[in-house]
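The residues making up each chain are set out below.
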Amino acid sequence: VEAVPGGGGGGDDAEAQHAGRLHCVHMLVELEIELGRFAEAAERVSTLRSSSEAALPLELDIKEGVCYAYLGELKRGEALWKPLRLHPQRLNLYADLMYEVGLTYHTLDKLREAHAMYRELSQLARYANTANARDGECLLALQREQHLVSAALAGLTAREMLRFGSALVRVDAARVEAGA
């Protein structure tokens, strides 16, 4: 980005250069994600973050989180998504990012998490049809999962069922303790 002649002080030029750089990185990250080059996209955002004095836009944090999720580092991705999930105006300001996080959860078979994102997005008229369709896919998959568990449990003896139930309680307790 070049300075505009007579365009004011040096601060304006630096801000324009920074904004241009952010825009270029954002476009490259979008392209790399589209091509499945998640490691490269995450590295690009990380490099920008380390070379920038200012905080990066939330959009880049979310994109970086998507990359980490697809790279098998979901917890790291979710840490980057946390500001979005806690933002009081997330639905009005960042619906597109919420949808992208929902799609990521959905693709990774994290159906309960995807369901929660889609339910929230369905409140917006512009997302209602898309979010409801995606949410329906999640609910069908969850229902199939529940039927498989029910069928498996139906074949267990009473003693095996008690043992299996105790194991599930321990797994749920461990999840709660871990913050899942």
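Further up the page is the structure itself.
Below is a summary of the structure that appears in this document. Not measured: the values here are computed from a predicted model.

Okay, the packing of helix α4 (residues 74-86) against helix α6 (residues 95-107) next. For the pair α4 and α6, the least separation of the axes is 11 Å and the interaxial angle reads 155°. If you check the angle between α4 and α6, you find them roughly antiparallel. For the pair α4 and α6, the crossing hand works out as left-handed. Where α4 abuts α6, its residues L74, E78, W81, L84 and R85 lie against L97, M98, V101, T104 and Y105. Its residues assigned to classes, the contact of α4 with α6 comprises seven nonpolar, one polar and two charged.

The subject of this paragraph is the layout of surface pockets. In this approach the atoms are scanned with a rolling probe the size of a water molecule, which exposes any empty space left behind. For the second largest pocket, the calculated volume is near 170 Å³. The wall of the second largest pocket is formed by E30, I33, E34, F38, K63, V66, Y70, E100, L103 and T104. Elements with a contribution of two residues or more to the lining of the second largest pocket: α1 (10-34), α3 (58-70) and α6. Across the lining of the second largest pocket, the residue classes tally to five nonpolar, one polar and four charged.

This part takes up the environment of D61. By secondary structure assignment, the location of D61 is in helix α3. On the basis of relative accessibility, which here comes to 15%, the residue D61 falls in the buried class. Here D61 is in contact with R49, L56 and L80, once residues within four sequence places are set aside.

About the criteria used
Each chain has its residues counted from 1, running along the sequence as written. In keeping with the predicted nature of the model, local features appear solely for residues at pLDDT of at least 70, side-chain atom pairs appear and are counted solely at 80 or more, and the whole-chain, interface and lining totals rest on all residues. With hydrogens and water excluded, all non-hydrogen atoms of the structure serve as input to the side-chain values. Fitted lines through C-alpha atoms serve as axes, helices being fitted only where they are in contact, and the angles separating the N-to-C directions of these axes extend from 0 to 180 degrees. Only DSSP runs of H or I reaching four residues or more are called helices, and only runs of E reaching two or more are called strands; each is numbered from the N terminus. Here roughly perpendicular refers to angles of 65 to 115 degrees, roughly parallel to angles under 35, roughly antiparallel to angles over 145, and oblique to all remaining angles. Helix crossings fall into two classes, left-handed where the near helix is turned counterclockwise from the far one by less than a right angle and right-handed where it is turned clockwise. Between two residues, a contact is recorded if the distance between any of their heavy atoms is within 4.5 Å. Each residue receives one of three labels: charged for Asp, Glu, Lys and Arg, nonpolar for Ala, Val, Leu, Ile, Met, Phe, Trp, Tyr, Cys and Pro, and polar for the others, Gly being one of them. Lining residues are those with an atom within 4 Å of a point, where the points come from a 1 Å grid over the protein atoms alone and group into cavities, where a 1.4 Å probe fits but cannot get out, or pockets, open sets with protein on both sides within 12 Å along at least five of seven lines. Grid points are joined across faces, edges and corners, and a volume is the space filled by probe spheres set on the points. The buried label applies to any residue whose accessible area, calculated with a 1.4 Å probe on protein chains only, is under 20% of its type's maximum; exposed applies above 50%, and partly exposed to all values in between.

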